[in-house]
Amino acid sequence: MPHRFLGIDLSEGVKPRHVLAYLMIALISSGYAGAMSVLQPGLLQVMGIDFAKQGQITGQLSALQEVVLILALGPIGAIADRFGRKPVYVFGLLATGLGFALYPFAQSLGQLAAFRLIVAIGGAAMIGMMVTVIADYTRNSTRGHANGLQGFVATLGAFIPPVLAGLPAYYVAQGAGELAAQQFTFGIAASMGVAGALIAVIGLSPSAGRIAKGVKVKFADILSDGAKAAKEPGVALSYGAAFISRGDLAVTGAFIFLWLVQVGMTMDMTPSEAMGKLAAPRVFVVVGGAMIGAILMGLLADKFRKVTAVAIAAGLASFAYIAMGFVKDPSAPWVFGLLAVMGVAEISAFVSSQALVGQRARPDRRGAVIGFFGVAGAVGILIATMGGGILFDKVKPSAPFLLFGLLNLVVFIWALVLRAKEKNQPEPHFVED
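Everything numeric in this text was worked out from a predicted model, so none of it was measured.

(A) Up close: the packing of helix 9 (residues 233-266) against helix 10 (residues 271-303). Two elements in contact, helix 9 and helix 10, have axes separated by 8 Å at closest approach and are oriented at 140°. As summarised for this structure, helix 9 and helix 10 are arranged oblique, according to the angle between their axes. Considering how the two elements wind past one another, helix 9 and helix 10 form a crossing that is right-handed. Contact residues: T252, F257, L260, V261, V263, G264 and M265 in helix 9; P271, A274, M275, L278, A279, A280, R282, V283 and V286 in helix 10. Taken together, the residues of the contact of helix 9 with helix 10 sort by class into 13 nonpolar, two polar and one charged.

(B) Geometry of the nonpolar core. Membership of the largest hydrophobic core comes to 118 residues, with the highest contact counts inside it found for Y22, Y89, F100, M324 and F401. Per-element tally for this core: the top contributor is helix 9, with 15 residues. Filtering out sequence-adjacent residues up to four positions away, F401 remains in contact with V251, T252, F255, I256, W259, Y321, I322, M324, G325 and M342. Judged by nonpolar contacts, the second largest core, of 12 residues, contains A229, V235, A361 and F373.

(C) Fine view of the side chain of Q354. Position of Q354 among the secondary structure elements: in helix 12 (residues 335-360). Ignoring any residue separated from it by four or fewer positions in sequence, one finds Q354 in contact with V131, I134, N147, Q150, R246 and F373.

(D) Looking closely at helix 7 (residues 178-203). Between its first and last C-alpha atoms helix 7 spans 38 Å; for 26 residues at 1.5 Å apiece the expected length is 38 Å, and the two agree. Looking only at helix 7, the buried set comprises A181, Q182, T185, F186, A189, A190, M192, G193, G196, A197, A200 and G203. Contact partners of the buried residues in helix 7: helix 1 (16-47), helix 3 (85-102) and helix 6 (160-173).

(E) Quick peek at the packing of aromatic side chains. With the rule as written, the count across this model stands at 10 aromatic pairs. Measuring from ring centre to ring centre gives 6.3 Å for Y321 and F401, while their planes differ by 25°; the resulting arrangement is stacked. Of this pair, Y321 sits in helix 11 (residues 306-324) while F401 sits in helix 14 (residues 399-421); the two residues are 80 residues apart in sequence, bridging distant segments of the chain. Accessibility expressed as a relative area gives 0% for Y321, which makes it buried. Counting every residue linked through ring pairs, the aromatic cluster contains Y32, F100, Y103 and F186.

Calculation criteria
- Residues numbered from 1 in each chain as written.
- Predicted model: local features only at pLDDT ≥ 70, side-chain atom pairs only at ≥ 80, totals over all residues.
- Heavy atoms only, no water.
- Axes fitted to C-alpha atoms, helices over the stretch in contact; angles between N-to-C directions.
- Helix = DSSP H or I, 4+ residues; strand = E, 2+ residues; numbered from the N terminus.
- Parallel < 35°, antiparallel > 145°, perpendicular 65-115°, else oblique.
- Left-handed = near helix turned anticlockwise from the far one by under 90°.
- Contact = heavy atoms within 4.5 Å.
- Nonpolar A, V, L, I, M, F, W, Y, C, P; charged D, E, K, R; others polar.
- Core = buried A, V, L, I, M, F, W, Y, C linked by side-chain atoms within 4.5 Å.
- Buried < 20%, exposed > 50% of the residue type's maximum accessible area, 1.4 Å probe, protein only.
- Expected span 1.5 Å × (residues − 1).
- Phe/Tyr/Trp six-rings, centres within 6.5 Å; stacked < 30°, edge-to-face > 60°.

Here it is, written out as C-alpha cells:
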C-alpha cells in the first residue's frame, strides 16, 4: 500500500523521509533562485559600474545564465532519467555554492561572467531536479497539492534573499567596508549549497525516477522524446506556461530590486540602505502573497482540471503585471497591495504549470520532458532579463512588467481554448499515477 504523507499520495518506493529531505533542499534551491538578483545590485554599486548601464549589465549576466540553462536542461534531464536524480541534484547544489563563493571576488565584468557561468551550470541541475523530483514522488490524485506544498516551501525559500540583502548593512555597521560586506554575504549564500548537498546525499530516494536496471535506452532517444512530447496539447501548454511563469519570476526578481535600489540612491541612500529600507520590505510583501498563492493554487489544481488552473493563474498574472507596467514610483505605499497580488499570481503560474507537466509527461521520460519544460522557462527568463534589461534602461523601469503582462494574456487565452476543446474528455494522465 502506498504511503501518504502531508496529504500527498506517494509513488512506489518513496517514503516520508525522502519527502522531508526534498522539501529542505527545495527550500535552499528556491532561495538560490532569487539570491543573485537580490545581491548583485549592491555588488554592482561597489564595483563602480556606470549607473546608466546597470540594467543592461543585469540583463546580460542573467541572459548568460539562461542561455546555459537552455542548452543544459534537456541533457541534464536525460542524464537524470538514466542515472538518477540524487547525483544530479548534489552536483547542482555544490556548483551553485561554488559560483556564489567566487562572485564577489570578481575584478571585472569578464570575471563576473565567468563566475556566473558556474552558477548557471549548477542552477540548471539544481532547478531541473527541484521540479522533476516532486513529479516523481507524488501520484496524480494529489499532484496539485504536492506542487502547492512545494510552491509554499519555495516561497519560504524566497525569504532567504531579502534576509541576505540585509546582511551587507549589518556588516558595514560592524565596521566592515562595503566590498567586505558583500564578500561575507555571498560567502553565507555559498554555504547553503554545501548544506543542501549533504541533505541530498543522506535523504533523497536513490531510485525514484530512474530507469529500471537492465533497461537499455539511448541517450539521444530520451532527448528527442522530450522535444516530441510537445505534440500533446497539454504538454505544449505546460511549456508555454513555464515560459511565462519563469519570466514573471525573473522580471520581479531582476528589476523590482534594481528599480528600488536606484530610487533609494536618488534619495541619497547608500546601496546597503536602499537594499534594506526600500527593497527588502517590498520583496517580503511579494513573498507573502506567494505563500498564499501556493496553497490556493495547489488546492485548485486538484479540484479543477490542470488546464483550468493554468488559465486562472495566467489571467491573474496578466492583470497584475499589466497594472505594474503603469507604475511610476515603486516606493509609493499603495504599490504594496499590487506587489502582494503579483506574488499570488507569479507563484500560481509556477505551481499550475508544474502540476500540468507532471500530469502529462510519460513517467519513463519525465526528466527529459521536464528538462524541455525547464528550457521553455529558461527562454522566458532570457526574454525577461535580456529584453527586460533593455526596456528598463531605454524605455522605463516598468516596461518589462508590461511586456510580461501581455504575454500572460496570450497564455490565458491559449489555456481557455484548450480547456474548451477538452471539456467533454477525461483529464489525461498516466496509469502509473
